[in-house]
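# Summary of the model geometry
So the chains spell out like this:
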Amino acid sequence: MIDDDQKQRMAQLEEKLAAAKKAHEEPEPRADEHYSMANQAWRMVTELVAGLVIGLGIGYGLDVLLGTTPIFMVLFILLGLAAGVNVMLRSAREIQDKQMAEAEQRADADKDA
């Protein structure tokens, strides 16, 4: 009949098959992940443009109130640009930290398995 060596080989083969099935059962990244990255990109662009528009509005308002040449408008556009870039970099850092945390969780889960 079946000797111990064949039983052991069959058990090893079944373990390999189970591991292969488990590897193929892991879900693929969701299709809407692409859209979430696009949303994050639009968020960053919107933050930059908002900084510029707010700077333009404040500078133009001050120039009209004070009757000056567009010196305040130029100054506040530059300040709005700096603020927009700062907020955009902060958002990028948030996204990066979130992705790093998810990668660490996946690595820990793979190490435990």
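Presented here is an overview of the structure given in this document. (Residues numbered from 1 in each chain as written. Predicted model: local features only at pLDDT ≥ 70, side-chain atom pairs only at ≥ 80, totals over all residues. Heavy atoms only, no water.)

## Concerning the overall build of the chain
Scanning the chain for helices and strands turns up three helices and zero strands. Order of helices (α) and strands (β) in the chain, N terminus to C terminus: α-α-α. Here the chain, with 113 residues, has 10% of them falling under the buried criterion. Summed over all atoms, the accessible surface of the chain reaches about 9600 Å², with 63% contributed by carbon and sulfur. (Helix = DSSP H or I, 4+ residues; strand = E, 2+ residues; numbered from the N terminus. Buried < 20%, exposed > 50% of the residue type's maximum accessible area, 1.4 Å probe, protein only. Areas by Shrake-Rupley, 256 points an atom, 1.4 Å probe, with all protein chains shown as cover.)

## Side note on the environment of Leu-79
Tracing the sequence through the fold places Leu-79 in helix α3 (residues 71-112). Linking Leu-79 and Ile-54, residues 25 residues apart in sequence, is a C-alpha distance of 9.6 Å.

## A few points about a nonpolar patch on the surface
On the surface, Val-74, Leu-78, Leu-81, Val-85 and Leu-89 cluster together into a nonpolar patch covering about 410 Å² of accessible area. Following the sequence through the fold, Leu-89 ends up in helix α3. Judged by its relative accessible area of 47%, Leu-89 falls in the partly exposed class. (Patch = residues over 30% accessible without salt bridge, like charges linked within 9 Å, V, L, I, M, F, W, Y side chains within 5 Å. Salt bridge = Lys/Arg side-chain N within 4 Å of Asp/Glu carboxyl O.)

## What to know about the pattern of salt bridges
Applying the stated criterion to the full structure yields three salt bridges. Ionic pairing is found between Arg-9 and Asp-5, a salt bridge with its closest N-O pair at 3.9 Å. Residue Arg-9 and its partner Asp-5 are located together in helix α1 (residues 4-25), separated by four residues, close to a single helical turn. Residue classification places Arg-9 among the exposed positions, given a relative accessible area of 53%. The salt bridge involving Glu-94 is made with Arg-43; its shortest N-O contact spans 3.7 Å. With Glu-94 in helix α3 and Arg-43 in helix α2 (residues 33-66), this residue pair connects regions lying 51 residues apart in the sequence. Three or more residues joined by partner-sharing salt bridges are found here, namely Arg-43, Glu-47 and Glu-94.

## Here's the deal with the side chain of Glu-47
Assignment of secondary structure puts Glu-47 in helix α2. Overall, Glu-47 belongs to the buried group, its relative accessible area being 19%. Here Ser-91 takes part through its side chain, which lies 2.9 Å from a polar atom of the side chain of Glu-47. Residue contacts for Glu-47: discarding those within four places in its chain leaves Gly-84, Val-87, Met-88 and Ser-91. (Polar contact = N/O pair within 3.5 Å; in protein donor to acceptor, adjacent residues only side chain to side chain. Contact = heavy atoms within 4.5 Å.)

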